[in-house]
Amino acid sequence: MAQHNNGPAIEVSGLVKRFGDTTALDGIDLTVEPGSVLGLLGPNGSGKTTTVRILATLMKADEGTARVCGYDVVRDAYQVRQLIGLTGQYASVDKDLSGHQNLTMIGRLLGMSSKQAKARASELIEEAGLADAATKPAKSYSGGMRRRLDLAASIMGEAAVVFLDEPTTGLDPARRGETWAMIRRLAAQGSTVLLTTQYLEEADHLANDIVVIDAGKVVARGTPDTLKRRMGSQTLDLRLSDPSQLEEATNRIQSIIDAAPVVDARTGQLSAAVTDGEVMPAIVRSLDEAAIGVSELSLRLPSLDDVFLTLTGHRATTADEKADEQNEKEAAA
Ligand SMILES: Nc1ncnc2c1ncn2[C@@H]1O[C@H](COP(=O)(O)OP(=O)(O)O)[C@@H](O)[C@H]1O
Ligand SMILES: [Mg+2]
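Here the residue numbers are simple positions, counted from 1 along each chain's written sequence. To read the labels, note that chains go from A and ligands from 1, taken in the order they are written. With pLDDT at 70 or above as the cut-off, local features in this predicted model cover only qualifying residues; side-chain atom pairs require 80 or more to be listed or tallied, and sums for whole chains, interfaces and linings still use all residues. Side-chain figures throughout are based on the complete set of non-hydrogen atoms in the structure, without hydrogens or water.

(A) Local environment of the overall build of the protein. For the protein, the helix and strand inventory stands at twelve helices and 14 strands. When a residue's accessible area, from a 1.4 Å probe over protein chains only, is under 20% of the maximum for its type it is buried; when over 50% it is exposed; and in between it is partly exposed. Counting only residues that meet the buried cut, the protein has 44% of its 333 residues in that class. The Shrake-Rupley method, run with a 1.4 Å probe sphere, supplies the accessible areas, and residue values consider only the shown protein chains as cover. Carbon and sulfur atoms make up 47% of the accessible area of the protein, which totals about 16,100 Å². Counting from the N terminus, the helices are DSSP H or I runs at least four residues long and the strands are E runs at least two residues long.

Printed below as a string of C-alpha cells:
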C-alpha cells in the first residue's frame, strides 16, 4: 500500500467552506490513522459531502488545510489523486466497458498478468453481487450497482485512501450487508477509509473512530464504544397499563439503571438509555414484584436523532427544515 509519510493518512485542520450565506464547514478538524476506518456521522446538510469533495481535490476550501498521506490537497493535488479511490457520484469507471472489463483493466494497470487480473475481477464481481451483470456495460447499471462496482474498483486498485460518501443510503438490507462486507475487506487489505453516513449503526459496525458533525462543526468524537456509552447503548421504551403507577415504576427502574428515565405522565410512557441489555430481566422482575402492569416494553438501538439530542441538546435538523427556516426568516424580513 502506497504510504508516503509516517504521519496520519488524513489530516484536516480548521476547514471552512462557504456557499454564499451558507457556512457548510465551520472549522472542521480531524485525523485518520493509516489503515483505520473513520466514520463521519451527521444528518443531511451537515457538511459530509463538502468535506469529502475538498479531500478528494474536487473543491477548494476557503480556510484551513487538508492533507492526504502528507500531501496537501491543493498544492499536491496530483499526488493526492494517485492515492485515493473515490466512490459515490464521481465514478472512476469507464461506462462503455462491462463491470468485469473495468476491474480487469485496473488489474492490468497495476501490473497483474491478464489471467491474474481476470481472476481477481471475477472474485470481486461475485462479492459485489454483480455476477448477473458482469458482462453488461457499466452504463446499464443502476445507481446501487454502480456504487458497488466503484467499491470493487477501489479494492482492485488497492487505493491507499478511500472515500465512501454514504455508500449504503437507499440500499435494501441485503445490498447493505454486501457493501459492509466489501468495506471490511478494504480495511482488512490496509486501505484507510473515510466513510460518511447518516446511520449510527453503520458507523458502529465499520468504524474504528467516529466524528459526529452538525451544521459544519464537530460536536463529538471517539470510538463507537465511548460514544455509545455517553448516550447509552440502547434505549428502553416502556408503557404502563396504569399510568398512575408511573412514579413507582420510575423509581424502580432508576435504581436499576442508575440514570433518570424520561417520563410522559399523560401517556404513561417511559424511556431510558441503558448501557447493557442485561438489565432487562431485573427491570421486568422488579416491576412484576410491585404488580406494575406493562403494556409495551422494547429495547432499541439509539437512532441518529437520539445521538444528536444527547450530544447537542437539540434534534438533528434536516436540509429541508433548514430551507423552511430560511424561508420563514425571509418571509419575516
Ligand atoms: N454547491 C453548493 N452550493 C450551495 N450550497 C451548497 C453546495 N453544496 C453544499 N451546499 C450546502 O452546504 C451544506 C452542507 O452540504 P453537504 O456537504 O452536501 O452536506 P451532507 O453531505 O452532510 O448532506 C448544506 O447546507 C448544503 O445545502
Ligand atoms: Mg452528502
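(B) Examining helix H9 (residues 246-257) more closely. Compared with an ideal rise of 1.5 Å per residue, which puts twelve residues at 16 Å, H9 spans 16 Å between its outermost C-alpha atoms and is within 8% of the ideal. What H9 keeps buried is the set Leu246, Ala249, Thr250, Ile253 and Ile257. The buried residues of H9 occupy an angular sector of 100 degrees when projected down its axis, which confines them to one face. Away from the buried face of H9 by more than 90 degrees, exposed residues Glu247 and Ser255 are located. Asp258 occupies a position one or two residues after H9 and carries a positive phi of about 65 degrees. Expected span of a helix, by definition, is 1.5 Å for each gap between consecutive residues, and there is one gap fewer than residues. Working definition: the arc comes from the directions between the helix axis and the C-beta atoms, pointing outward to the latter.

(C) The site of ligand 1, seen in detail. Nearness of a residue to a molecule or strand requires only that one of the residue's heavy atoms be within 4 Å of it. Around ligand 1, the neighbouring residues are Phe19, Thr22, Ala24, Pro43, Asn44, Gly45, Ser46, Gly47, Lys48, Thr49 and Thr50. One of the backbone N or O atoms of Gly45 is found 2.7 Å from an oxygen atom in ligand 1. Residue Thr49 places a side-chain N or O atom 2.8 Å away from an oxygen atom belonging to ligand 1. In the complex, the protein chains occlude 63% of the 560 Å² of accessible area that ligand 1 would expose alone. Those elements that place two or more of their residues in the shell around ligand 1 are strand E2 (22-32) and helix H1 (48-55). Per-element accounting of the shell around ligand 1 gives the leading share, three residues, to H1. Residue polarity follows a fixed list, in which Ala, Val, Leu, Ile, Met, Phe, Trp, Tyr, Cys and Pro are nonpolar, Asp, Glu, Lys and Arg are charged, and the others, Gly among them, are polar. Of the residues assigned to the shell around ligand 1, the class counts are three nonpolar, seven polar and one charged. Pairs of N or O atoms are called polar contacts if they sit within 3.5 Å, as long as, within protein, a hydrogen donor faces a hydrogen acceptor (for residues adjacent in sequence, only side-chain-to-side-chain pairs).

(D) The packing of aromatic side chains, seen in detail. By convention, a stacked pair of Phe, Tyr or Trp rings (six-membered ring in the case of Trp) has centres within 6.5 Å and planes under 30 degrees apart, an edge-to-face pair has planes over 60 apart, and any other such pair is tilted. Tallied over the full model, the rule gives zero aromatic pairs. Geometry around Tyr199 places Arg176 over its ring, the cationic atom sitting 4.4 Å from the centre. When the NZ atom of lysine or the CZ atom of arginine is within 6 Å of a ring's centre and also within 35 degrees of its normal, the charge is said to sit over that ring.

(E) View of the pairing of strand E13 (residues 269-274). Going residue by residue along E13, you find Leu270, Ala272 and Val274 tucked away on one face and Gln269, Ser271 and Ala273 left uncovered on the opposite face. Only strands that DSSP links by at least two bridges are regarded as paired with each other. Sheet analysis places strand E12 (residues 262-264) next to E13, joined by three bridges and oriented antiparallel. Across the sheet, residue Asp264 finds its bridge partner in E13, namely Gln269. Between E12 and E13, which pair antiparallel and follow one another directly, the connecting turn spans four residues, one of which, Gly268, has a positive phi of 70 degrees.

(F) Main features of the packing of H9 against helix H10 (residues 279-289). Axes, fitted as lines to C-alpha atoms, cover a helix only where it is in contact. Angles between the N-to-C directions of the axes lie from 0 to 180 degrees. Here H9 crosses H10 at 150 degrees, and the two axes come no closer than 10 Å. It follows from the interaxial angle that H9 and H10 lie roughly antiparallel. Crossing geometry of H9 relative to H10 is assigned as right-handed. When H9 is examined against H10, the residues Ala249, Arg252, Ile253, Ile256 and Ile257 are found in contact with a partner set consisting of Val279, Ala282, Ile283, Ser286, Leu287 and Glu289. Comment on the angle field: the value is read as roughly parallel under 35 degrees, roughly antiparallel over 145, roughly perpendicular from 65 to 115, and oblique elsewhere. Throughout, a crossing is termed right-handed when the near helix is turned clockwise from the far one, and left-handed when it is turned anticlockwise from it by less than a right angle. In what follows, a contact means two residues having at least one pair of non-hydrogen atoms within 4.5 Å.

(G) Quick peek at the sheet that holds strand E14 (residues 294-300). Here four strands make up an open sheet; going across it, the order is E12-E13-E11-E14 and the pairing antiparallel. Looking at which strands have only one partner, the edges of the open sheet turn out to be E12 and E14. Put simply, the sheet's adjacent strands are angled 10 degrees from each other on average, direction ignored. Running at roughly 5 degrees to E13, H9 makes contact with strand E11 (234-240), E12 and E13 of the sheet. Strands in contact with H10 are E11, E13 and E14; relative to E14, the strand with the most contacts, it is inclined by about 165 degrees.

(H) Quick peek at the side chain of Asp72. Note that Asp72 resides in strand E5 (residues 71-72). No salt bridge is formed by the buried Asp72, whose closest oppositely charged neighbour, Arg67, lies at an N-O distance of 4.7 Å. Polar contacts involving the side chain of Asp72 include one to the main-chain amide nitrogen of Arg75, which spans 2.9 Å. For the purpose of counting charges, residues Lys and Arg are taken to be positive, whereas Asp and Glu are taken to be negative. His and the chain ends are not included. The rule for a salt bridge is simple: a side-chain nitrogen of Lys or Arg has to be within 4 Å of a carboxyl oxygen of Asp or Glu.

(I) Representation of the side chain of Lys48. You can see Lys48 is positioned in helix H1. Among the polar contacts listed, one links the side chain of Lys48 to the backbone oxygen of Pro43, at a separation of 2.9 Å. With near-sequence residues (within four places) excluded, Lys48 lies in contact with Leu40, Gly42, Pro43, Glu166, Thr196, Thr197, Gln198 and Ile213.

(J) View of the nonpolar core. Definition used in this section: a nonpolar core is a set of buried Ala, Val, Leu, Ile, Met, Phe, Trp, Tyr and Cys residues joined via side-chain atoms within 4.5 Å. Counting residues in hydrophobic clusters, the biggest one holds 42 residues, and the most contacted among them are Leu103, Leu149, Leu164, Leu186, Ile210 and Val212. Ranked by the residues each element gives to this core, the list is headed by helix H5 (residues 143-156), at six residues. With near-sequence residues (within four places) excluded, Leu103 lies in contact with Ala121, Leu124, Ile125, Leu149, Ala152, Ala153 and Met156. Counting 28 residues, the second-largest nonpolar core is a separate cluster that includes Ile54, Cys69, Val80 and Val211.

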